[in-house]
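What follows is the residue order along each chain.
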Amino acid sequence: MGVTAFLTDSTLCIGCKACEVACKEWNGVSEDGLDWSGFSYDNTGAVGHSTWRHVKFVENAPEPGFGGNAAELNSWSFSSDVCKHCENAGCLEACPTGAIVRTEFGGVFVQPDICNGCGYCVVSCPFGVVEKNPDDGRAFKCTFCYDRQKVGLKPACAKACPTESIKFGEIETLRADAQARVEELHQRGMDDANLYDPTETSVGGTHAMFIVRGDARAYNLPPKPEVPTIYLKKAWTSSAIGAALLLGGTLAAFLADRPRRRR
Amino acid sequence: MTASRLQLPVVDREQRLTEIRRQAEERGRVESRGIRPAGAPFPRASVETGYYGIPLLKRPAWTWEIPLYFFVGGAAGASAVVGAIANYTGADRRLVRDARWIAAAGSIISPALLISDLGRPERFYNMLRVFKPQSPMSVGVWTLLGFSGGSVAAAFAGSMRKRYGESLPIRVVENAGEAASLLFGLPFSNYTGVLIGATAIPAWNENAGELPMHFGMSGLAASVGLLELMGHRRSRALQMLGLGAAVFECWEEWKLESRKSSALQPLKHGPSGGIVRAGGFLSGPLPLALRAASILSGGNSAKLRKWAAISAIAGSLLTRIAWVHAGHVSAQDWREPLKVRE
């Protein structure tokens, strides 16, 4: 398989969290305690160093007719979140050790034997995915199951998903599938179904797309994620002006002071 | 409450149970307000409230070493420039020597701070595997390496010359070290502004075009302040530099205050905004006023300059702490990356 991607379809997700469990078991990710958040059935909160798949529970207004909901019950959307594996990845660009690399499958992979835990990727991710593990010292995130893909296997989460809400495959095929699925949902009356795949921003598209209902912002998906390298030109220009001011100012101050001292 | 603990019957509560039973028998239903669980009403996920208000971005993982490094590195970089220019223009030898020592001390403290902040300090040398122009941290590491080598060499050769007298090798090392510390000191004094400017944190990247200049001038103010505290309170060149840096910092503050953007909120409001303003006051208006007063009142000049120096150093340190703290606050605000504003 060439360049691959995830397509996570929230209209098929049943919120079972099998992907979270499968991911943790396959990758040996540490447990992170059990705290009741009070945020619907989401007790995990967000993806992080110990959570590489995370099921979001978005409760919407009662909507009779869909999924056999009783009229007084909230309708639910579940969506399994994951590292977006950006086409222009902020973490990868920022990493000063070269620990973060792009794999032959198009994913973004943190090499654990190189990372020295500088933490610069953490502030460079526009999706807030990669995180430093304070106990271990290094940064961690979804590996896109690089080890499994290497031997031709699906990522653990996609394999464990009982409803095929998490689809895995060749990226262009999945993009076409996603469009077809959104159209199908529209025909079935889910007018608010849409594809989240920020190709129009500097991130340049992702290797993890999401079909969600309604505004993607309710799922903590940013409408305009930007790779931080777009700020480099402005910042280095400012740095050059600052350096010129420092050099010129110092030179001027000491030259102006010279005749007086020599007298 | 443990099940094993013996509970004595409470009359009121027993009566209420009887009442519920009576209502159920008579009317077929029982009306009650129900109970309100702790923490209710629970937040909901929506465009207006975000995903339960859980921050979208991650907070910086940096510890206290990093703002301190921003301060030390800025002061050291500017000191190298001041020392080299003072030397080239034939200024007071003691000034040149002291500026070099500040640069050399900073170039030893800086890597120590950076390495101790790493999650895996023993792997610090992995930074030297690659040079990535698109990563400000990679550029910064190599700049620091060149700066440290140059500054330490210049200071060391300078002290050797004093001890053993003039010789060609010592002169070559001293001059080359000084040139390197000037060359690398220029970007080293302000690259930390690029480092935090080119990130996903809204309060920082909104200021990507200002932070490097701001941090560079703050470093110069700290360098001048340190030299003045080391006794160079008669140097007119330092007075002018300190004045210039204070004016520039006033200008930066004015620009920050006059810009309107929701991403700037952590820099203007709440405790983080208070620290930013306090750092700004100590860096800009206060040393400016003290220096102006010291120029106007010739006699008391040295004492006022001392206070201007202390204010500028404290302001420079506080400014770095304030900006890092504001980044933490900014990362916690889910509204900004979601573009939700009331």
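Rules used throughout
The residue numbers shown here count from 1 along each chain, following its written sequence. All chains are assigned letters beginning at A, and all ligands numbers beginning at 1, according to the order in which they are written. Given that the model is predicted, a residue must reach a pLDDT of at least 70 before its local features are reported, and side-chain atom pairs must reach 80 or more before they are shown or counted; all residues, however, enter totals for whole chains, interfaces and linings. Helix and strand definitions here come from DSSP, where helices need a minimum of 4 consecutive H or I residues and strands a minimum of 2 consecutive E residues; each element is numbered from the N-terminal end. In this scheme the burial state of a residue depends on its C-beta neighbours within 10 Å: 20 or more other such atoms mean buried, 12 or fewer mean exposed, and anything in between means partly exposed; the C-beta positions come from the backbone. Throughout, radius of gyration means the C-alpha value; the globule benchmark is 2.2 Å times the number of residues raised to the power 0.38. Structural elements are reduced to axes, namely lines fitted to C-alpha atoms, with helices fitted over the stretch in contact, and the angle between N-to-C directions of any two is expressed from 0 to 180 degrees. Left-handed is the label given to a crossing in which the near helix is rotated counterclockwise from the far helix by less than a right angle, and right-handed is the label when the rotation is clockwise. Distance between backbone-placed C-beta atoms decides contact: two residues are in contact if it is within 7 Å. Three classes are used: nonpolar for Ala, Val, Leu, Ile, Met, Phe, Trp, Tyr, Cys and Pro, charged for Asp, Glu, Lys and Arg, and polar for all others, with Gly counted as polar. Each angle is binned into one of four classes, with values under 35 degrees roughly parallel, values over 145 roughly antiparallel, values of 65 to 115 roughly perpendicular, and all other values oblique. Where each domain begins and ends is defined by an automated method or by a domain database. The criterion for strand pairing is that DSSP finds at least two bridges linking the strands in question. The quantity called pLDDT is the predictor's confidence in a given residue, expressed from 0 to 100. Here, expected helix span is obtained from the residue count minus one, scaled by 1.5 Å. Buried Ala, Val, Leu, Ile, Met, Phe, Trp, Tyr and Cys residues form a nonpolar core when they are connected through C-beta atoms within 7 Å.

Trainee: Before we go on, may I ask you to explain the overall build of chain B in this structure?
Mentor: In terms of helices and strands, chain B carries 14 helices and zero strands. Ordered by position from N to C terminus, the α and β elements of chain B give α-α-α-α-α-α-α-α-α-α-α-α-α-α. Along the first, second and third principal axes, the C-alpha atoms of chain B reach 110 × 50 × 45 Å. By the burial criterion, 51% of the 342 residues in chain B qualify as buried.

Trainee: What's the story with the overall build of chain A in this structure? I'm lost.
Mentor: Helix and strand counts for chain A stand at six helices and 10 strands. Since a compact globule built from 263 residues should have a radius of gyration of about 18 Å, the 23 Å found for chain A marks it as more spread out than a globular shape. Principal axes of the C-alpha set define a box for chain A whose edges measure 95 × 40 × 40 Å. Counting the 263 residues in chain A, one finds 51% classified as buried.

Trainee: When you look at the packing of helix α8 (residues 211-229) of chain B against helix α9 (residues 236-258) of chain B in this model, what are you seeing that I'm missing?
Mentor: Between two packed helices, what matters for the description is the angle formed by their axes and the separation of those axes. All names here are of chain B. Running from N to C, α8 and α9 point in directions that differ by 145°, and their axes come no closer than 9 Å. The chirality of how α8 crosses α9 is left-handed. Across the interface between the two elements, His214, Met217, Ser218, Leu220, Ala221, Val224, Leu227 and Glu228 from α8 touch Leu238, Leu241, Gly242, Ala245, Ala246, Phe248, Glu249 and Glu252 from α9. Its residues assigned to classes, the contact of α8 with α9 shows 10 nonpolar, three polar and three charged.

Trainee: Looking at this model, I keep getting lost on the interface of chain B and chain A. Mind explaining?
Mentor: In many reports, interface size means the accessible area that the parts give up when they come together. With 72 residues of chain B at the contact, the number on the chain A side is 62 residues. Elements represented by at least two residues in the side of chain B that touches chain A include exactly α2 (65-88), α4 (136-164), α5 (168-188), α6 (191-197), α8, α9 and α14 (335-338) of chain B. Residues that form the side of chain B that touches chain A fall into these classes: 44 nonpolar, 19 polar and nine charged.

Trainee: How should the packing of helix α11 (residues 270-283) of chain B against helix α13 (residues 301-332) of chain B be read in this particular structure?
Mentor: Residues and elements named next belong to chain B. Contact geometry for α11 and α13: axes closest at 7 Å, N-to-C directions at 155°. Compared by their axis directions, α11 and α13 come out roughly antiparallel. With respect to the hand of their crossing, α11 and α13 are arranged in left-handed fashion. Note on element contacts: α13 touches α11 through Ser311, Ala312, Ala314, Gly315, Ser316, Leu318, Thr319, Ile321, Ala322, His325, Ala326 and Val329, opposite Gly270, Ser272, Ile275, Val276, Ala278, Gly279, Gly280, Leu282 and Ser283. Within the contact of α11 with α13, the residues separate by chemical class into 11 nonpolar, 10 polar and no charged.

Trainee: I keep staring at the domain arrangement of chain A and nothing clicks. Help me out?
Mentor: All names here are of chain A. You can read the domains of chain A as domain 1 (4-226) and domain 2 (227-263). Summarising the inter-unit geometry, the C-alpha centres of domain 1 and domain 2 are found 45 Å apart. Tallying the contact residues gives 10 residues for domain 1 and four residues for domain 2.

Trainee: In this structure, what is going on with the sheet that holds strand β8 (residues 166-170) of chain A? I would like to understand it.
Mentor: Strand-to-strand pairing in sheets goes through backbone hydrogen bonds, with the strands running parallel or antiparallel. Residues and elements named next belong to chain A. Taken in spatial order, the four strands of this open sheet run β8-β1-β10-β9, and their pairing is mixed. The open sheet has two edge strands with one neighbour each: β8 and β9 (193-196). Going from strand to strand, the sheet's axes swing by 20° on average, the running direction of each strand aside. Bridge analysis of strand β1 (residues 4-9) against strand β10 (residues 208-213) gives four bridges, and the strand direction is parallel. Across the sheet, residue Asp9 finds its bridge partner in β10, namely Ile211. In the packing of helix α5 (residues 171-187) onto the sheet, the strands contacted are β1, β8, β9 and β10, and the crossing angle to β8 comes to about 140°.

Trainee: I tried to follow the confidence of the model for chain B on my own but got confused; where do I start?
Mentor: Detailed conclusions should not be drawn from predicted coordinates in areas where pLDDT is low. The share of residues in chain B with pLDDT of 70 or more is 95%, and the mean pLDDT across the chain is 92. Reported confidences for the modelled complex are a pTM of 0.90 and an ipTM of 0.92.

Trainee: Just checking my understanding: could you explain α2 of chain B for this structure?
Mentor: Helical geometry: 3.6 residues make up each α-helical turn, so side chains three or four residues apart lie on a common side. All names here are of chain B. Taking 1.5 Å of rise per residue, 24 residues should cover 34 Å, and α2 covers 34 Å from first to last C-alpha, within 8% of that figure. Among the 24 residues that make up α2, 21 are buried, leaving the element largely enclosed by the rest of the structure. Gly90 sits one or two residues past α2 and shows a positive phi near 70°.

Trainee: Please explain unusual backbone geometry as it appears in this structure.
Mentor: Trans peptide bonds make up the majority, and among non-glycine residues the majority have a negative phi. All names here are of chain A. Of note in this structure, Phe144 is not a glycine but carries a positive phi near 60°. By the secondary structure assignment, Phe144 is in the loop between β7 (139-140) and α3 (146-150). Judged by C-beta crowding, with 25 C-beta atoms within 10 Å, Phe144 ranks as buried.

Trainee: Explain the nonpolar core to me, please; I cannot follow it from the model alone.
Mentor: Inside soluble globular proteins, nonpolar side chains tend to come together where they are buried. The biggest cluster of nonpolar side chains holds 168 residues, and the ones touching the most others in it are Cys91, Cys121 and Cys157 of chain A together with Val81 of chain B. The dominant element in this core, judged by the number of residues it contributes, is α2 of chain B, at 14 residues. The two domains that each donate at least three residues to this core are domain 1 (4-226) and domain 2 (227-263) of chain A. Setting aside residues no more than four positions away along its own chain, Val81 of chain B makes contact with Leu246, Leu247 and Thr250 of chain A together with Leu182, Gly185, Leu186 and Ser189 of chain B.

Trainee: Sorry, what's going on with the environment of Gly242 of chain B here?
Mentor: Residue and element names in this part refer to chain B. As for its placement among the helices and strands, Gly242 is situated in helix α9. Residue classification places Gly242 among the buried residues on the basis of 28 C-beta atoms within 10 Å. Taking the C-alpha atoms as reference points, Gly242 and Ser218, 24 residues apart in sequence, are found 9.9 Å from one another. If sequence neighbours within four positions are ignored, Gly242 has contacts with Ala221, Val224, Pro287, Arg291, Ala308 and Ala312.

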